[in-house]
Amino acid sequence: MEHTISELLETYTSRYPEHLRDVAQAYCGATTRLGSIDGAALQVSREDVRTVAQDQGVDIDTLRSAIADYSTIEGRSIAMHLLQGRRSS
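J.: Lay out the overall build of the protein chain in plain terms, naming residues and giving numbers.
T.: When helices and strands are counted, the protein chain shows four helices and zero strands. Ordered by position in the sequence, the α and β elements of the protein chain form the string α-α-α-α. For the protein chain, the proportion of its 89 residues judged to be buried stands at 29%.

Put into structure tokens, the structure is as follows:
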């Protein structure tokens with residue numbers, strides 16, 4: 001079953017504390033726009049995430065999970081935006 005962006009956001013915000021969401025979103029923002037623009041999956045370097053997790057005092061596996069969830073939300077948002085742009089052209 002496909003979830004709406006709103007449902008994904010609700011799950012994301014309830015699953016992760018604000019600090020962890022901030023770290024995940026900052027990590028995603030520091031990457032090349034997730035690669036989600038063309039539908040490619042975000043390539044997360046385990047070593048990069050480990051470094052960020054240690055610097056921020058968060059669990060690496062939980063951070064990886066938050067990054068994956070956030071990249072899904074952002075990818076769907078971008079795809080929806082692009083689709084709406086094509087429809088209005």
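Structure shown, so let's carry the discussion forward.
J.: So what about the nonpolar core? Which residues, and what values?
T.: If you look at the biggest cluster of nonpolar residues, it comprises 18 residues, and the most contacted ones within it are Tyr 12, Leu 20, Ala 24, Val 49, Leu 63, Ala 66 and Ile 67. At the level of secondary structure, the elements contributing two or more residues to this core comprise α1 (5–15), α2 (18–30), α3 (46–56) and α4 (60–87). Top element by residues in this core is α4. It accounts for six residues.

J.: Would you mind going over the pattern of salt bridges in detail, with residue names and values included?
T.: Scanning the entire structure with this criterion turns up three salt bridges. Of the charged contacts in the structure, one is a salt bridge between Arg 46 and Asp 61, with a shortest N-O distance of 3.7 Å. Pair noted here: Arg 46 is in helix α3 and Asp 61 is in helix α4, with a separation of 15 residues, a long-range link. Among the residues examined, Asp 61 registers a relative accessible area of 46% and is labelled partly exposed. The salt bridge partner of Arg 50 is Glu 47, with a shortest N-O separation of 3.6 Å. Taken as a pair, Arg 50 and Glu 47 lie in helix α3 at a separation of three residues, close to a single helical turn.

J.: Quick one: what's the story with the side chain of Arg 21, residue by residue and with numbers?
T.: With respect to the secondary-structure elements, Arg 21 resides in helix α2. Although Arg 21 is buried, it forms no salt bridge, and the closest oppositely charged side chain is Glu 18 at an N-O distance of 4.8 Å. Excluding residues within four positions of it along the chain, Arg 21 makes contact with Tyr 12, Thr 13 and Tyr 16.

Conventions used here
- Residues numbered from 1 in each chain as written.
- Predicted model: local features only at pLDDT ≥ 70, side-chain atom pairs only at ≥ 80, totals over all residues.
- Heavy atoms only, no water.
- Helix = DSSP H or I, 4+ residues; strand = E, 2+ residues; numbered from the N terminus.
- Buried < 20%, exposed > 50% of the residue type's maximum accessible area, 1.4 Å probe, protein only.
- Core = buried A, V, L, I, M, F, W, Y, C linked by side-chain atoms within 4.5 Å.
- Salt bridge = Lys/Arg side-chain N within 4 Å of Asp/Glu carboxyl O.
- Lys, Arg positive; Asp, Glu negative; His and termini not counted.
- Contact = heavy atoms within 4.5 Å.

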